[in-house]
Structure formats: C-alpha cells, structure tokens
Amino acid sequence: MQYRHIGRSGPFVSAIGLRLERRTGNIRPEPGVRKLLAAIKELGITHIDVDRRYGSLPGAANEQLGRLLQVVQIQRDEVVISTRVGLGVDLGPLTGFGSRRRVFASLNSALYRTGLDYFDVLYAHRPDPTTPLEETMDALTQAVQEGKALQVGLSGFSPAAARQGIRILRDRGVEPVACRTSYSLYNRWSEDLLEVLEYQGVSCVVDDAPGPVFPRPLIALTPIDSEPSEAEGADSLLNAIAESRGQTPAQCAISWVLRESRITSVLVSSVTADVEECAHAAGAQRFTEAELRSLNACFPYHGYGHRNWLEKHIGRR
C-alpha cells in the first residue's frame, strides 16, 4: 500500500480508502463488516469514510463502525476517519443544509453514534444556495476550534466554488486539506477542479470511484455525448489494456486515477473482495504513452458544468 500526504498540513493516508456505504449498517451482517475491517487492517488501508446516510437506517453504519473498531482492535491513531455534512447526507429538507445549525446537528450526531471524540477530516458536501457560503465555512472553522474535527475539506464543489471556499477558510485561519469529487475515465470533468486544487495546495480525494462490480461510477454510465456503440468500444479497449497489464478492468481504471500525483486517495466500496482487488491497483500506476493515448482517445475529457445544476447555480452567485 502507498501512502500520500493529504493537503499541506494533513496526515498521510493510504492511496486506497474504504467508503462504508449502503451495504453496511443494518443491511449487512456484523460478522461481514468485522471481516471487512480485519481485511483493511491487513492490507494497510488507513483511510475510512462514513456518514449518516450509509446503512439501512440513518446512522446505522456510524454505530457499527464505532463498535467494530474496538472488536477488530484498530487503534484510533492508526486510521484517518472522515465524514461529510450537507446535501444528500443529512435528513430533513433540502433548504438550509449548509447552515451552521444543520452542520453541527449532523456532526454531533455522527460523533455520538460512532463514539468518536473527533473526525480527522470533516467535509462540507455541496454549496447551499439557501445559505451564505461564509456561514458554512464558519461552521467548519468552529468545528476545528472545538476539537470536533482536526481538518476540514470540501466535497462536490465546482472549481469556482472550491476556490471561494478555500479562500474563506484561509481568511479564518483554517487550512483546508482536501476536496472530494467524482473522477474516473468515464467522468473527467474534475480535471478542471484538479487545476484549481493544485494551485491552491489542496489535495483531491476521489469518491464514486469505479469498482470491480461496476467499472463505471453509477452517476456517469456513459460520457454525455457518446453513442452506446462508442461506449461499448471504449469498454472493449479498457478490457484489452487491462488484460495486457495483468489487471482487471476495475484495477486498471483505479490505477489510471492514481497515476495522477494530485490525487491523494481513492475511496472504494465496502465489500471485502472489492477492497482486496482494488488495493492491488495502488502499486501499478505506470502507464505507457501508447496506453495513455489510447485511453484518452476513447475516454475524452469533458469540461465541467453540463451535469450539475446546483453547481451551475452557485457559479452564478
């Protein structure tokens, strides 16, 4: 396993991280999750993400994580645990999801359910058009000041909104360490965001990463402008290149993401077989020029902005 520094001031995290998701919590038997955590310990995975929406009941995965960290004997200082607050994460109406009240209600609930004293990284998920961005960033700042989060970051922000959020946090004396985004061969809009993050000295953590079961992230099954036949041809190329590299298509896709030095870590789904397979992609990030040219031709770059109406709205503020 490789380890990369997250941000200018954050800790080192494993290049492959574990995203506790809907297949955990009450849906998944506890012995299976115990086996999963034992597997990540053996693989050297030190990056775990969890939030309130994961599991069949709100907070179920949080509670399970808190119990099983002790059962598997993973020490708190051995792992970097992150969580998100904001759109699609918390219960309640969509309005006000970035307000100070909602941020702290979600954060305090997550701390209570996991039994943790703090989260290593707290992300604000999406700018809230009903709340000034300054208020959301002030809430993150307060979480750091109160010791409930050691570091903070952004998630699902457009390049323009990320630049603005980073500036506000730094004006308040808080250094953001990372921005989470979806990024893969099939969904390359974040390359605009990577330019901003590189200039700002902020790391990128990739969510919605391709996994062995679904080589493509579910939110972008095909490039927006591609015909089905073109997508099938791209799949065939990926399969061929992966085979020539001795990898599965999912491993090849993750290796392609991790070849980017600006990417700190890739979060993968919480199935033991998935995590074990994806972990092998961390050490195979070198691609030949011919491989990269072929992949770039079949999986073209698409600029930011054609999919996300909320970020477009924020960008006009």
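Residues numbered from 1 in each chain as written. Predicted model: local features only at pLDDT ≥ 70, side-chain atom pairs only at ≥ 80, totals over all residues. Heavy atoms only, no water.

We now examine the overall build of the protein. Along the backbone of the protein there are 11 helices and 10 strands. For the protein, buried positions account for 57% of its 317 residues. If you take every contact in the protein between residues at least 6 apart in sequence, the share linking residues at least 24 apart comes to 80%. Total accessible area on the protein is roughly 13,300 Å²; 52% of this is exposed by carbon and sulfur atoms. (Helix = DSSP H or I, 4+ residues; strand = E, 2+ residues; numbered from the N terminus. Buried < 20%, exposed > 50% of the residue type's maximum accessible area, 1.4 Å probe, protein only. Contact = heavy atoms within 4.5 Å. Areas by Shrake-Rupley, 256 points an atom, 1.4 Å probe, with all protein chains shown as cover.)

Another point: the nonpolar core. In globular proteins that are soluble, nonpolar side chains generally tend to be buried together. One finds Met137, Ile263 and Leu295 to be the most contacted residues of the largest nonpolar core, which totals 71 residues. The element that contributes the greatest number of residues to this core is helix α8 (residues 249-258), accounting for 6 residues. Every residue in contact with Met137, bar those within four places of it in the chain, is listed here: Ala124, Leu154, Phe157, Gly165, Ile168 and Leu169. Ile6, Val80, Val121 and Tyr123 belong to the second-largest nonpolar core, a separate cluster that totals 9 residues. (Core = buried A, V, L, I, M, F, W, Y, C linked by side-chain atoms within 4.5 Å.)

Looking at helix α6 (residues 190-200), one finds that the buried residues are Ser190, Glu191, Leu193, Leu194, Val196, Leu197 and Gln200. Where α6 ends, the next residue or the one after it, Gly201, has phi of about 75°, a positive value.

Our focus in this paragraph is the packing of aromatic side chains. For any two aromatic rings, the description comes down to two numbers: the centre-to-centre distance and the angle of the planes. This model, assessed by the stated rule, comprises 1 aromatic pair. Look at Tyr183 and Trp256: their rings are 5.4 Å apart centre to centre, the planes differ by 35°, and that puts the pair in the tilted class. Here Trp256 lies in helix α8 and Tyr183 lies in the loop between β8 (178-182) and α6, a separation of 73 residues in the sequence. This pair shows no difference in class: Tyr183 is buried, exactly as Trp256 is. Here the basic side chain of Arg180 rests over the ring of Tyr123, its NZ or CZ set 5.2 Å away from the ring centre. We note Arg245 situated over the ring of Phe287; from NZ or CZ to the ring centre the distance is 3.8 Å. (Phe/Tyr/Trp six-rings, centres within 6.5 Å; stacked < 30°, edge-to-face > 60°. Lys NZ or Arg CZ within 6 Å of the ring centre and 35° of its normal.)

What follows deals with unusual backbone geometry. Despite not being glycine, Arg126 has its phi angle at roughly 75°, a positive value. Position of Arg126 relative to the elements: it lies in the loop between β6 (119-125) and α4 (133-145). Residue classification places Arg126 among the partly exposed positions, given a relative accessible area of 22%.

Attention now moves to the environment of Gly88. Relative to the helices and strands, Gly88 resides in the loop between β5 (80-86) and α3 (100-114). Here Gly88 falls in the partly exposed class, since its relative accessible area comes to 45%.

Let us look at the environment of Cys204. Structurally, Cys204 can be placed in strand β9 (residues 203-207). Cys204 sits in the buried class, given a relative accessible area of 1%. Placed 50 residues apart in sequence, Cys204 and Leu154 show a C-alpha to C-alpha distance of 9.6 Å. When sequence neighbours within four positions are dropped, the list of residues in contact with Cys204 reads Cys179, Thr181, Leu194, Leu197, Arg262, Ile263, Thr264 and Ser265.

Judged by side-chain polarity, Met1, Tyr3 and Phe12 come together as a nonpolar surface patch covering roughly 310 Å² of accessible area. In this structure, Met1 sits in the segment before β1 (3-5). Taking relative accessible area as the criterion, Met1 reaches 33% and is therefore assigned partly exposed. (Patch = residues over 30% accessible without salt bridge, like charges linked within 9 Å, V, L, I, M, F, W, Y side chains within 5 Å. Salt bridge = Lys/Arg side-chain N within 4 Å of Asp/Glu carboxyl O.)

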